[in-house]
Amino acid sequence: MSATITEPGTELLRVENVVVDFPMRGWRKPDFRALHGVSLDIKAGETVGLVGESGSGKTTLGRAVLGLATVASGSIKFDGVELVGTTTAQRRAMGSQVQVVFQDPYTSLNPAMTIEDILSEPLVARGGLNRADARKRVRTLLEQVNLPSDAADRLPREFSGGQRQRVAIARALALSPRLIVCDEPVSALDLSTQARVLDLFVDIQEQTGVAYLFVSHDLSVVRHVSHRVAVMYKGEIVEYGPCSKVTVEPDHPYTRKLLMAAPVPDPVRQKARREQRRELILAGEIN
Amino acid sequence: MTEANSHVLAPTPRAARQSIMSTVLHNPVGLGALIVLACVVLLSIFAPLFAPFSPTEVRIESINAPMGGEFLLGGDGVGRDILSRLVFAGRNTLIGALIAVGVAMTGGVISGLLAGYFGKFFDSLASWMANVLMAMPSMILLLALFKALGSSMFMAMVVFGVLITPGFFRLVRGLVINVKNELYVDAARVSGLSNSRIIGRHILLVVRAPVVIQTAVVAGVAIVLQSGLEFLGLGDPSLPTWGGMLQDAFANIYVSPTAIIWPGSAIAITVASLVLLGNAIRDGFQRVDTGPAKRRQKRGAPSSPTEPASSAEVVEDDPNVLLSLRNVGVGYSAGETTKEVVRGINLQVHRGEVLGLVGESGSGKTQTAFSILGLLAPGGHVTRGSIIFDGKEISNLPAPAMRALRGKRIAYVPQEPMSNLDPSFRIGDQLTEPLRAVLGLSKKQATEKALALLARVGIPNPQRTFDAYPHEISGGMAQRVLIAGAISCEPDLLIADEVTTALDVTIQAEVLDLLRELQRELSMAVILVTHNFGVVADLCDRVAVMQNGQIIETNTALELFANPTHPYTQMLLSSTLEDSVPRDLVVANQGAR
Amino acid sequence: MLSFVIRRLLAGVALVFVIATITYVLMHSSTGNVARNILGENATAEQVAAKTTELGLDQPLLTQYFSWLGNALTGNFGISWYNSESVTAALVGRMPITLSMVISAIIVIALISVVLGVTAAVKGGWLDRVIQVVSVVGFALPNFWVALMLVLTFSLSLRLLPATGYVPPSESILGWAATLLLPVTSLVLGGVASAAQQIRGATIDVLRQDYIRTLHARGLSPQSVVLKHALRNAAGPALTVLSLQFIALLGGAVVIERVFAIPGIGTLTVNAALGGDVPLLMGIVVVMAILVVLVNLVIDIANGWVNPKVRVQ
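Predicted model, so just to flag it, every value in this text is computed and none were measured.

**Structural notes on the overall build of chain A**
- When helices and strands are counted, chain A shows 10 helices and 10 strands.
- Here the C-alpha atoms of chain A give a radius of gyration of 20 Å, agreeing with the 19 Å that 2.2 N^0.38 yields for 287 residues.
- Taking all 287 residues of chain A together, 58% fall into the buried category.
- Counting every atom, chain A has about 11,200 Å² of accessible surface; 49% of that belongs to carbon and sulfur.
- Mean positive and mean negative side-chain charge positions of chain A (36 and 34 charges, respectively) differ by 4 Å.

In structure tokens, the structure reads:
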């Protein structure tokens, strides 16, 4: 169903030495550098997890790929086409190829619009569909994210967090994109909902071959969905490699610190991890 | 609500979908205001039909005539019918207000939209101009320009419209800046929607309601100001206006005192209707727009339980039990109905024990915690059962007695560190104030103790943090400060509400270590409210699992994780991702890709 | 802090300058034949021409403006066109009267609004509804009409207070208070109506904050939480409300002075406006603008004092 023609495994996105600065509020304050020359690549049909703590620049990188943050220098190529420095109009033409699912399912849907309006808006405005076709497509999309078709006439506030996030995923899928930037898409959700939504992400990828840039602060979430994982710290990627390596036996001290800090939901194993963490700290391997 | 019932949607509350108009019409005040306004407008439009006389017809014998003669409301200083002039004056007054509102709204909304959405240079320029316009009392500027404008009130109202444009400008600009940063606008941008489409579909929708309300208010202001100018004699003497009539009545106040009542009442009634209509529309929008959209429950100033729980003094048999909840219910009343969010739970906390209270959002775990503290949000109260702390019933304690427990024997560490420190006071003041109030320490003693506490919770430079304001320290530091405050009186029971949820995982690990050390050192009991099973596994001796306001399973931590008995607990534990296999390995094993 | 004050002052000077310039241009662009107006219909063409030269109106607008500006910078706003009085002297004479009225009013408004607003926010209930009603009523009744009704009731019917006139406090403090009582009251009603409502809103916002609950949890008394913490945090918005009120009062005073025949700036303005006395009006506009800038500066400084975040910026 997706318009994707790219073979799985070919390069879809290449981010090279991207620098993003934010002007600081106030007088004579230097800009804050959120990204210090970050490089990353995503293959078609692949999930790249981007882990980091608050202020690490992971969300900024996602926004830079989406064109929502101004890139000071460096290059972002999508399917070989340079995105940095393009005009808004050119950027819009790319719009259907790269989509987004945001963290907060409560503010990412316009509270005054029905689900159908939300989902059909990009279809009508960008996909050139007429009302009736858009309506049909909306049903398909809702089905795809496991929402009942009568959801179309409802307002976002009638849905729980998990259901809203499904709507947000449906909106991202509407224009059959080849890459979806997922910015902490499950961190506002309850535990049980979180697992289900993550599985939905995986299912959709398997059906459509869409690639994800999956931004999260939670190593275990990233491990669940990613093929490769990049770890960000203070605006730089400190480790980038296969998921099984980075999230299980990482090389970089910061990644190890991150891994050790996350408590295991099992008292016995958590006790062991705590001891391990303490020893690593005493040995000075992590701080 | 969990995702489990995602296919079963609650029936749509139709009321929520009502149009604004119909909610306004169903509001008696709104309906009344609308009717009055409609009457005023109709009277003004069809003035010649309603007015018994021409507004300019002079009868010498009726100069300053009292009420009830040929002229129903009497005659004015020249001998004209007050009632007829009142009706005709409505026209001119309303047209004037319409002009001012039209000018201000058009200019303010357009400039506000542009400034808010595109920002940059235009924003700076427009904001500066708004400041210039707002800095002048309109009345004085209009007076100063009176000669330049000629005696046309309508021209003056155009200028007044310009002068009040900043009101609309600021309103719209602020709203637009807020919406512009909403994620759904970002999502629309990512979808490739054009700016004009985003403004038309997303931004205008948000701006609409406040602008309508502001318009009603501004129309009122315009009517009052216009009549003020006319009252000063700066109107067009050839046109009947309410302000002009007041001027005439004022000139004859010694002869015919009642004449000032009518035009004043006309102004007051019209303006009041406008304001009330604006309020009704605002209420209407609020009713339509607020659903369960709020993520966190509204929390407000605490209220003491209104209905005391049934049982009186209950003596706890086991001296080892510090806190005991028996069949406790917590409800929030809205009007006649009370909605129970905690539905009869039993819970025991032993001295020196760490009890985890786990559940998903809406399970009632936080409300349980607040009920123990006696700090439920307004409308919330303990509906049933008893809360026994150290052998004493506390659910029905009078406020001062409860206060004596809080902070001294029962302490609380909140979830969001930054929003739980008063931004206006230094950290030091916030630590020493309760120390002095609760423990009665001197200022010097309190300062020493606060510094020692800050050092104890692992703050590297206590004096600097002591002197800092909350916005100058990080979230992790702030949480340490709050922990320091909570343990300052060496409480018997510490209630920790999602204490690490807002923190980064590396900071979380440090705070958990700190809590563990402090708990052992002070051998205090801890109720750890959390949704995170990792945190539970790290810290808790025993665990109670909550779902839909009930405790469904209680066990020691070791047992609960090893052998969860309730299906819900099993489901929750199986949802944790800790043990999921890295995705690349899954793919490799399938060999599909 | 000092650099903050200096920056605000410079911005204020720029603001006064811009307002003065705009008003000057607007007033001079359409005053018609001023000399003819002043001298009346019977004056000869020569007399009119002489008067025009005397007033400098034959000069180009820019020249007139710079000469006015130069004088204004030294505190000399010129001579009134109609009664040949020095504008500066007129302003100095009238200003204290208006200010005494407006300042009394703003103090009363501040006291009543804070007490009403905070109490309504904390207690809710009937007081809350009273405030809602008062705010609508106070908004809907034009203050000069309230003034007229007060005159009708207290001066004409009950004969308790003087209907008109002004007694300087140097003559009699009691007389001064008696003449100002009704004018100030009529200004206060509208002011309280809007300020109390907004202070109530600001206080409710603060009381909903998380830190308020945490302070309760620390065992502090409700009095201390409300009076120390909630008030301090609501002070910023309240100060802004009061500064806007002050500007509104300056305008409101104009009409009120007329009702009570108080010889303040308002009466001066109305007479100058009716006569088209441009030098006098320019003087009034500039002085008002300076006053507004000063009030805003004071409010900004006070805001910096109550809100540490502002102070840092």
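Text resumes after the structure shown.
**Some thoughts on the confidence of the model for chain B**
Residues and elements named next belong to chain B.
- Taken as a whole, chain B shows an average pLDDT of 84; of its residues, 90% reach a score of 70 or greater.
- Confidence drops under a pLDDT of 50 for residues 1-17, and excluding neighbours within four residues, the segment shows 33 contacts in the predicted structure.
- Taken together, the stretch residues 290-316 has pLDDT below 50 and engages in 64 contacts with residues farther than four places along the chain or on a different chain.

**Some words on the pairing of strand β7 (residues 493-497) of chain B**
All names here are of chain B.
- Burial of β7 is extensive: 5 of the 5 residues sit out of reach of the surface.
- Residues L493, I495 and D497 point to one face of β7 and L494 and A496 to the other, with burial holding for every one of them.
- One ladder, built from 5 bridges, connects β7 with strand β8 (residues 525-530); its direction is parallel. Bridge assignment links L494 to a residue of β8, and that residue is V526.
- Handedness of the β-α-β unit built from β7, helix α19 (residues 505-522) and β8 comes out right-handed.

**Considering helix α10 (residues 222-260) of chain C**
Residue and element names in this part refer to chain C.
- Between its first and last C-alpha atoms α10 spans 45 Å; for 39 residues at 1.5 Å apiece the expected length is 57 Å, and the helix comes up short by more than 12%.
- At A235, α10 is bent by approximately 45°, the largest bend along its length, and proline P237 sits one to four residues beyond.
- Positive backbone phi, approximately 50°, marks A261, located one or two places after α10.

**Some remarks on the interface of chain A and chain B**
- Taken together, the contact between chain A and chain B spans 83 residues of the former and 71 residues of the latter.
- Taking both partners together, chain A and chain B bury about 6,600 Å²; carbon and sulfur atoms supply 54% of that area.
- In this assembly, chain A and chain B are joined by 4 salt bridges.
- The salt bridge partner of R63 of chain A is D186 of chain B, with a shortest N-O separation of 3.0 Å.
- At the surface where chain A touches chain B, the tally comes to 14 residue pairs in polar contact (both at pLDDT 80 or more).
- For the side of chain A that touches chain B, the element with the highest residue contribution is helix α6 (residues 191-208) of chain A, accounting for 10 residues.
- Grouping the constituent residues of the side of chain A that touches chain B by class yields 35 nonpolar, 23 polar and 25 charged.

**Focus: the environment of L347 of chain B**
Residue and element names in this part refer to chain B.
- By the secondary structure assignment, L347 is in strand β2 (residues 337-350).
- We classify L347 as buried; its relative accessible area is 5%.
- If we skip the residues at most four places from it in the chain, L347 touches L323, S324, L325, L355, L357, A544 and I551.

**Looking at the sheet that holds strand β4 (residues 73-78) of chain A**
All names here are of chain A.
- Strand order in the open sheet made by the 4 strands is β2-β1-β4-β5, with antiparallel pairing throughout. The open sheet has two edge strands with one neighbour each: β2 (32-43) and β5 (81-82).
- Here 2 bridges tie β4 to β5, and the two strands are oriented antiparallel to one another. For K77, the partnering residue across the bridge sits in β5 and is E82.

**Looking at the pattern of salt bridges**
- One pass over the full model with this rule turns up 35 salt bridges over all chains.
- As a salt-bridge pair, D21 of chain A and R33 of chain A come within 2.8 Å of each other at their nearest N and O atoms. Taken together, the residues D21 of chain A in strand β1 (residues 11-22) and R33 of chain A in strand β2 connect sequence positions 12 residues apart.
- E121 of chain A is the partner of R201 of chain B in a salt bridge, and the nearest nitrogen-oxygen pair spans 3.8 Å. Of the two residues, R201 of chain B sits in helix α10 (residues 195-231) while E121 of chain A sits in helix α3 (residues 115-125), which places them in two different chains.
- Connected through salt bridges with shared partners, the residues R274 and R277 of chain A together with D513, R516 and D538 of chain B form a single ionic network.

**A short note on the packing of helix α5 (residues 120-134) of chain B against helix α1 (residues 2-28) of chain C**
- Two numbers describe how α5 of chain B lies on α1 of chain C: the axes approach to 10 Å, and their chain directions differ by 75°. Relative to α1 of chain C, the element α5 of chain B is oriented roughly perpendicular. Contacts between α5 of chain B and α1 of chain C involve W128, N131 and V132 of chain B from the former and L15, V18 and I19 of chain C from the latter.

**Side note on the confidence of the model for chain A**
- Averaged over chain A, the pLDDT score is 87; the fraction of residues at 70 or greater is 93%.
- Segment residues 1-5 of chain A is flagged for pLDDT under 50; beyond a separation of four residues in sequence, or across chains, it makes 11 contacts in the model.

**Observations regarding helix α9 (residues 253-261) of chain A**
- Of all the 9 residues making up α9 of chain A, 7 are buried; the element is thus mostly covered by neighbouring parts of the structure.
- Along α9 of chain A, the residues that are buried comprise Y254, T255, K257, L258, L259, M260 and A261 of chain A.

**Some thoughts on the sheet that holds strand β1 (residues 321-334) of chain B**
Residue and element names in this part refer to chain B.
- Pairing within the open sheet is antiparallel, and its 4 strands lie in the order β2-β1-β4-β5. The sheet is open, and its two borders are formed by β2 and β5 (392-393), each paired with just one other strand.
- Two elements, β1 and strand β4 (residues 380-389), share 8 bridges in a ladder whose sense is antiparallel. Of the residues in β4, the one forming a bridge with G331 is H381.
- The strands touched by helix α13 (residues 365-373) are β1, β2 and β4; relative to β1, the strand with the most contacts, the crossing angle is about 110°.

What counts as what
- Every chain is numbered on its own, with residues counted from 1 as its sequence reads.
- Naming scheme: in the order in which they are written, chains are lettered from A and ligands are numbered from 1.
- Local features in this predicted model are restricted to residues of pLDDT 70 or higher, and side-chain atom pairs are both shown and tallied only at a pLDDT of 80 or more, whereas totals for entire chains, interfaces and linings draw on every residue.
- Excluded from the side-chain calculations are hydrogens and water; all other atoms, namely the structure's heavy atoms, are used.
- Here a strand is any run of E in DSSP of at least two residues, a helix any run of H or I of at least four, and the numbering for each starts at the N terminus.
- Radius of gyration here uses only the C-alpha atoms, and the compact-globule reference equals 2.2 Å multiplied by the residue count raised to the power 0.38.
- Exposure categories follow from relative accessible area, calculated using a 1.4 Å probe and restricted to protein chains: below 20% of the type maximum is buried, above 50% is exposed, and the middle band is partly exposed.
- Computed with a 1.4 Å probe, the accessible areas rest on the Shrake-Rupley method; for each residue, only the protein chains presented here act as cover.
- For this count, His and the chain ends are skipped, Lys and Arg are scored as positive, and Asp and Glu as negative.
- To locate a charge, take NZ of a lysine, CZ of an arginine, CG of an aspartate or CD of a glutamate.
- Each residue carries a pLDDT score, the predictor's own confidence in it, on a scale running from 0 to 100.
- Contacts: residue pairs with any heavy atoms within 4.5 Å of one another.
- Any two strands between which DSSP finds at least two bridges are classified as paired.
- Orienting the strands away from the viewer, one traces the path from the first strand over the helix to the second; a clockwise path indicates a right-handed crossover.
- In this scheme, a helix's expected span is set at 1.5 Å multiplied by one less than its residue total.
- To obtain the bend at a residue, axes are fitted to the seven residues ending there and to the seven starting there, and the angle between these axes is taken.
- Buried area: the sum, over both parts, of the accessible surface (1.4 Å probe) that disappears when the two are put together.
- By definition, a salt bridge exists where a carboxyl oxygen of Asp or Glu is found within 4 Å of a side-chain nitrogen of Lys or Arg.
- Pairing of N or O atoms within 3.5 Å defines a polar contact, subject to two protein rules: one partner must be a possible hydrogen donor and the other a possible acceptor, and residues neighboring in sequence count only if both atoms are side-chain atoms.
- For this scheme, ten residues count as nonpolar: Ala, Val, Leu, Ile, Met, Phe, Trp, Tyr, Cys and Pro. Four count as charged, namely Asp, Glu, Lys and Arg, and the remainder, Gly too, count as polar.
- For every element, the axis is a line fit to its C-alpha atoms; helices are fit only across the contacting stretch, and the angle between N-to-C directions ranges from 0 to 180 degrees.
- Angles are sorted into four bins: roughly parallel if under 35 degrees, roughly antiparallel if over 145, roughly perpendicular if 65 to 115, and oblique for all others.

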